[in-house]
Amino acid sequence: MPAPSATALLDWYDVHARRLPWRIPPEDRKLGVLPDPYRIWLSEVMLQQTTVAAVKSYFLDFLARWPTLQALAAAPRDDVMAAWAGLGYYSRARNLKACAEAVTRDHGGRFPETVEGLATLPGIGPYTAAAIAAIAFDTPAAVVDGNVERVVARLFALEAPLPDVKPEIRRLTATLTPDKRPGDFAQAMMDLGATICTPKRPACALCPWSEPCLARRRGDADTLPRRRAKAERPTRYGTAFVAHRYDGALLVRRRPDKGLLGGMLEVPGSDWKEDAAPEATPPFQADWKSAGDVEHTFTHFHLVLSVKGAEVGDRPPPADCFWLEAAAVAGEALPSVMRKVVEAATGRPARQRRGTPKM
Ligand code: SF4
């Protein structure tokens, strides 16, 4: 049985590489053209926990607005947060800004070229550091995302479950990664996982590693990788108060910078607790009416918010709140859970301008 070879995968990639807005196609990379590290970094941060389809329009919008790292570093933070709204996992947007500033300030505006150097920057973990080093600088780093985990677990028929098997997958990926064209190899692995070695019904007949793949030979590829049983996601409860003025302005406040949805806007409300919603005090006296429950699922818990709405006249906002004018609602960093809450109370869509909200 032949061993899986990088050459077979690269030959496949030369023909089947996905055309992506941040990618240099293989025919150009072979001529020595490498991508702008800014683009690779931006795309990789956006792609953490978000699909390629959802990222494309955000990537192009960011690039049109902030074409260079320096432009992003100099941008007002609120503008970056607002442009990110809808992509979810907002700590990524805060880190994006912090990273742009750090590279500009501490590295003369150039990204470090090593995995170790990249991993010192805000928001760049081991995976992203390896991906940037490989794709932007052609460093032979082992780049392991969810797609690659699946391909390698099947290729070697690894029985141990995720996440325990991760170190073994990383070791095997490193042995497969070639010294020549490591950036294309990393992207080829991602493409193979995304288009051929899919979670369900992998298209093994079209796979360049069909011959050496142990799971394909055994006939149980779509059962791999195995996963350790997940702990059940808890449910938290809370109350949200949607005060909307007759002219459509919305009463909001800003969440603390650290933690879930950090730095994003929200309508006032209670804390979120398991078992039952805690006591909730409305931001001011008004004719509060129940608008039902809104449910939303975050990575680590499910949330049920009891929504109360009131239409009010012009009045000063409470100390920690402010009125967000109706025209500004679509452009603001209002997370999806809050958009659902506002829609439940007002009956009006509060959608963000671009993309499909994830959180
Ligand atoms: S042969 Fe099938 S299971 Fe094996 S790597 Fe290719 S697509 Fe995945």
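Preceding this section is the structure that the text describes.
The text that follows walks through the structure, step by step, so that each part is easy to find. Keep in mind that what you see is a predicted model, and the values were worked out from it rather than measured. (Residues numbered from 1 in each chain as written. Predicted model: local features only at pLDDT ≥ 70, side-chain atom pairs only at ≥ 80, totals over all residues. Heavy atoms only, no water.)

### Notes on the pairing of strand E6 (residues 302-312)
Here's step 1: For E6, the buried fraction is high: nine of the 11 residues fall into the buried class.
Here's step 2: Looking at chain direction, strand E1 (residues 235-245) and E6 are connected through 11 bridges and run parallel. Across the sheet, the residue bridging to Ala243 is Ala310, located in E6.
Here's step 3: In this sheet, E6 lies alongside strand E5 (residues 289-297) in antiparallel orientation, the contact comprising seven bridges. Each residue of the ladder has a partner; that of Ser290, found in E6, is Lys308. (Buried < 20%, exposed > 50% of the residue type's maximum accessible area, 1.4 Å probe, protein only. Helix = DSSP H or I, 4+ residues; strand = E, 2+ residues; numbered from the N terminus. Pairing = 2+ DSSP bridges.)

### With respect to empty space enclosed by the protein
Here's step 1: Scanning the model with the defined rule gives two cavities of 30 Å³ or more in all.
Here's step 2: The volume enclosed by the largest cavity comes to roughly 120 Å³.
Here's step 3: What lines the largest cavity is a set of 14 residues, among which Arg154, Cys197, Cys204, Cys207 and Cys213 lie closest to the centre.
Here's step 4: Per element, the largest residue contribution to the lining of the largest cavity is three residues, and it comes from helix H10 (residues 146-155).
Here's step 5: Of the residues contributing to the lining of the largest cavity, the split by class is 11 nonpolar, one polar and two charged. (1 Å grid on protein atoms, 1.4 Å probe; cavity = no way out; pocket = protein on both sides within 12 Å on 5 of 7 lines; lining within 4 Å. Points joined across faces, edges and corners; volume = space filled by probe spheres on them. Nonpolar A, V, L, I, M, F, W, Y, C, P; charged D, E, K, R; others polar.)

### Observations regarding the layout of surface pockets
If you roll a probe as big as a water molecule over the atoms, it shows you where there is empty space left.
Here's step 1: Reported here for the largest pocket is a volume of approximately 940 Å³.
Here's step 2: Lining the largest pocket we find 33 residues, and of these Leu47, Gln49, Asp145, Gly146 and Asn147 sit closest to its centre.
Here's step 3: Looking at the lining of the largest pocket, the elements with two or more residues in it are helix H3 (37-47), helix H9 (126-137), H10, helix H11 (166-176) and helix H12 (182-195).
Here's step 4: Grouping the constituent residues of the lining of the largest pocket by class yields 13 nonpolar, eight polar and 12 charged.
Here's step 5: Quantified by volume, the second largest pocket comes out at close to 290 Å³.
Here's step 6: If you go around the second largest pocket, you meet 18 residues; those closest to its centre are Gln48, Gln49, Tyr89, Ser91 and Arg92.
Here's step 7: Within the residue set of the lining of the second largest pocket, elements represented by two or more residues are helix H7 (91-106) and H9.

### Examining the nonpolar core
Here's step 1: Counting residues in each nonpolar core, the largest one holds 72 residues, and the members touching the most others are Trp41, Leu42, Met46, Phe62, Leu72, Trp84 and Phe111.
Here's step 2: Ranked by residues supplied to this core, first place goes to H9 with nine residues.
Here's step 3: Counting only domains with at least three residues in this core, you end up with domain 1 (6-223) and domain 2 (235-346).
Here's step 4: Not counting chain neighbours up to four residues away, the residues in contact with Leu72 comprise Tyr38, Trp41, Phe62, Trp66, Val80, Leu96, Lys97 and Ala100.
Here's step 5: If you look at the next biggest cluster of nonpolar residues, it comprises 30 residues, including Leu10, Leu158, Trp209 and Cys213. (Core = buried A, V, L, I, M, F, W, Y, C linked by side-chain atoms within 4.5 Å. Domains from an automatic or database assignment. Contact = heavy atoms within 4.5 Å.)

### Describing the packing of aromatic side chains
Here's step 1: In this structure the tally under the stated criterion is 12 aromatic pairs.
Here's step 2: With a centroid separation of 5.1 Å and 65° between ring planes, the pair formed by Phe62 and Trp66 is classed as edge-to-face. Each of the two residues, Phe62 as well as Trp66, counts as buried.
Here's step 3: Joined through ring pairs, the aromatic side chains of Phe241, Phe284, Trp288 and Trp323 make up one cluster.
Here's step 4: Between Arg236 and the ring centre of Phe301, over which it is positioned, the NZ or CZ distance is 3.8 Å. (Phe/Tyr/Trp six-rings, centres within 6.5 Å; stacked < 30°, edge-to-face > 60°. Lys NZ or Arg CZ within 6 Å of the ring centre and 35° of its normal.)

Any link to function would need more than the numbers given here.
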